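Residues per chain are reported as follows:
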Amino acid sequence: MTRPGGTWQNWGRSASVRPIRVERPRTPEGVQRAVLAAAAQNLRVKAVGAGHSFTGVAVAPDVLLELDDLQGLVSADEARGRVTLLAGTRLHRIPALLAPYGLAMENLGDIDRQSISGAISTGTHGTGAGFRGIAAQVVGATLITAAGEFLRVDESRNTEMLPAVALGLGALGILVEVTLQCVPAFVMHAIDAPVPLDEALEDVHERVAAADHYEFYWFPHTDVALTKTTERLPESAVRRPLPKVGRWIDETLLSNGVYRAVCAGGVAVPAITPPFSRLAVKLTGDREYTDLSHRVLTQSRTVRFREMEYALPQDQIVPVFRAVQALIAKRGWRIEFPIEVRFAAADDRWLSTAHERASAYLAVHRYWRHDPREYFDAVEQICLAHGGRPHWGKLHMLGADQLRERYPRFDDFLALRDRLDPERRFGNRYLERVLGA
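Residues numbered from 1 in each chain as written. Predicted model: local features only at pLDDT ≥ 70, side-chain atom pairs only at ≥ 80, totals over all residues. Heavy atoms only, no water.

### Things to note about the overall build of the chain
Here is step 1: Secondary structure summary: the chain contains 14 helices and 21 strands in total.
Here is step 2: For the chain, the C-alpha radius of gyration of 21 Å lies close to 22 Å, the compact-globule estimate for 437 residues.
Here is step 3: Dimensions of the chain, computed from C-alpha atoms along their principal axes, come out at roughly 60 × 50 × 45 Å.
Here is step 4: For the chain, the residues scored as buried account for 60% of the 437 residues in total. (Helix = DSSP H or I, 4+ residues; strand = E, 2+ residues; numbered from the N terminus. Rg over C-alpha atoms; globule rule 2.2 N^0.38 Å. Buried < 20%, exposed > 50% of the residue type's maximum accessible area, 1.4 Å probe, protein only.)

Written out as structure tokens, the structure is:
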């Protein structure tokens, strides 16, 4: 969001900029006019949604387009289960837009505050070995090119561009509409259970294969994994949601309220972190419920943090996890945020972290008032040694030469960028680093 005085900063407070001007287009045509005006003044222009990327991918040094007013349903094709949304539509608003048509998104990440265009452009994913990231659900998109033209990409027009445009880092144009392939609405049966960490790691691949969705969290300084296993059920299945009071205690009071206080206190007194972590695993992570898919897949996170996440070949997740566990112990760090492990199917998006590779994801976090660099840098080196690919919207230190080695279609993406934005109208420092000037 743009603050008084004209400074924009992201949610994690890890990126900020004071653009020359800020515009809030209300229609795709408004975006087009803004791009043409920027081009006439030889200014760069970037669109931003909810600001939930931790990197500088959305930083707009010249003209910032806030897409807050570009939200809502454009059209729905009930027969094919497809919907077209305005690009600024927030993920948490989509379930209500799909409900009248009996549809749902196939999968979601664990946070739903992002815009649909921001989520797909940075490779937001969920968990589930049989399910792909959100960008892989995209079957069509409309963007404004650097020339100020509308470009439609779908199964009948410019089809060859879809694997690039659906996860384009904001480098190919400004998305104004996104068409998603949805699925019939469904509910999910979830079991959250603490499991001894050694046991969870020993049979992690069997757990992943046996469940529709599986993930786990590990608080450093403990010996317990907090697992979440979910099964997809027809929409007609009986729902047994979490009691409102119990959910409030778990997610608002403990996971956000008390946790925020402990994270803040840990900045001054790191020694309080290990005992709180041990207490946290005893108080949370043990429940069973059945609810609508979006209520199970996502959760509320109001404690501000910074994050780095790497996608790994699935067979590398245990050795990487063990190496990170040993690293924390060796350095004597007091890490207040859990490490998160998730899984996803391979897809065909050129810059997807799961491009042509079934992937396991390891995410590390730090409270936003801590300097995460030493921790993140050390974990990054472990991930890189095991074939890791960094999440585009989360902190990492890689440049274009290193990324080219990890993405078979990297140069194809650059060639399309040269074609659509030869003057780098949509460029910024982050894109210069990860894609080259």
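### What about the pattern of salt bridges?
Here is step 1: A full pass over the atoms with the stated rule returns 30 salt bridges.
Here is step 2: We note a salt bridge from Arg366 to Glu336, for which the minimum N-O separation is 2.5 Å. Of this pair, Arg366 sits in strand S20 (residues 359–367) while Glu336 sits in the loop between helix H10 (317–331) and strand S19 (339–344), placing them 30 residues apart in sequence.
Here is step 3: Arg366 sits in the buried class, given a relative accessible area of 9%.
Here is step 4: Among the ionic contacts, a cluster of salt bridges with common partners joins Asp110, Glu307, Glu309, Glu340, Arg342 and Lys394. (Salt bridge = Lys/Arg side-chain N within 4 Å of Asp/Glu carboxyl O.)

### Brief notes about the pairing of strand S8 (residues 82–86)
Here is step 1: Burial analysis of S8 places five of its five residues in the buried class, which makes it a mostly covered element.
Here is step 2: In this sheet, S8 lies alongside strand S7 (residues 73–77) in antiparallel orientation, the contact comprising four bridges. Within S8, the residue paired with Asp77 across the bridge is Arg82.
Here is step 3: What sits between the antiparallel neighbours S7 and S8 is a turn of four residues, in which Gly81 has the positive phi angle 70°.
Here is step 4: Alignment of S8 against strand S12 (residues 174–181), held across five bridges, turns out to be antiparallel. Directly across from Arg82, in S12, lies its bridge partner Gln181. (Pairing = 2+ DSSP bridges.)

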